[in-house]
Amino acid sequence: MSTPACVDLKYLHGYPPALLAQVQGLIDAGRLAGAVAQRHPEAHAVRTERALYDYVCELKARHMKSAPPLAKVAYDPHLHVLKNALGTHTAVSRVQGTQLKAKREIRIAVLFKEAPADFLRMIVVHELAHLKEREHGKAFYALCRYMEPDYHQLEFDLRLWLTARELEDRGGASLGTGQENGRRPLPR
Ligand SMILES: [Zn+2]
């Protein structure tokens, strides 16, 4: 990836260079976070595990009735977006008495508590799709789009949001990171 900048667009690997250049333009202008917030202004009220469970079950009931029931849904503070694990879906096998039961769990990275409502919906759709499709293949994305027609745009915008957050955590925008990473600074 030849992103000519000190800002690592790691959340955006694989997107066309022309698109990344636009993103870089927004970053350089200090407008990335604002642009995302403008497009996704709505917050959500899914603050607790109970509320998250209800939220996920409602989406599941609407689109994925036939998928196996969920034993657990949780916000997980240990999920790291860096590992591309925004959420996880697991089938945990537990011995219960003499029975071995497969328990379906969905865990959502805790940062989604603060995310715009659109992104929470997107990640839940993503994890629900995994109940039927393990791999990120064509069938998987077809299922995502079936549940959320705007899925691809939302996933892209989520990646923009993550990028903007990380820039803010670093103390803002494009200053300074050039040296410490050994990359050249942004053109001005
Ligand atoms: Zn996935």
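Our structure's up above, just so we're on the same page.
The structure presented is a predicted model; accordingly, all values stated were derived computationally and were not measured.

J.: I would appreciate a short explanation of the nonpolar core in the present structure.
T.: If you look at the biggest cluster of nonpolar residues, it comprises 30 residues, and the most contacted ones within it are F119, L120, M122, I123, V124, V125 and W161. Breaking this core down by element, the ones donating at least two residues are α1 (17-28), α2 (32-39), α3 (49-63), β3 (99-109), α4 (117-129), α5 (138-147) and α6 (151-169). Top element by residues in this core is α4. It accounts for eight residues. Aside from chain neighbours lying at most four places away, what touches W161 is V36, A115 and F119.

J.: Honestly, the environment of L52 in this entry has me stumped. Any pointers?
T.: Looking at where L52 falls in the secondary structure, it is placed in helix α3. The exposure class assigned to L52 is buried, which follows from the 22 C-beta atoms found within 10 Å. C-alpha separation for the pair L52 and A74, spaced 22 residues apart in sequence, amounts to 7.0 Å. The contact partners of L52, leaving out residues within four places of it in the chain, are V46, V73, Y75 and I108.

J.: It is not clear to me how the environment of A67 should be interpreted in this structure. Could you clarify?
T.: Here A67 is to be found in the loop between α3 and β1 (72-76). Separated by 62 residues in sequence, A67 and A129 place their C-alpha atoms 9.3 Å apart. Setting aside its immediate chain neighbours within four residues, A67 contacts K60, L131 and K132.

Calculation criteria
- Residues numbered from 1 in each chain as written.
- Predicted model: local features only at pLDDT ≥ 70, side-chain atom pairs only at ≥ 80, totals over all residues.
- Core = buried A, V, L, I, M, F, W, Y, C linked by C-beta atoms within 7 Å.
- Buried ≥ 20, exposed ≤ 12 C-beta atoms within 10 Å, placed from the backbone.
- Helix = DSSP H or I, 4+ residues; strand = E, 2+ residues; numbered from the N terminus.
- Contact = placed C-beta atoms within 7 Å.

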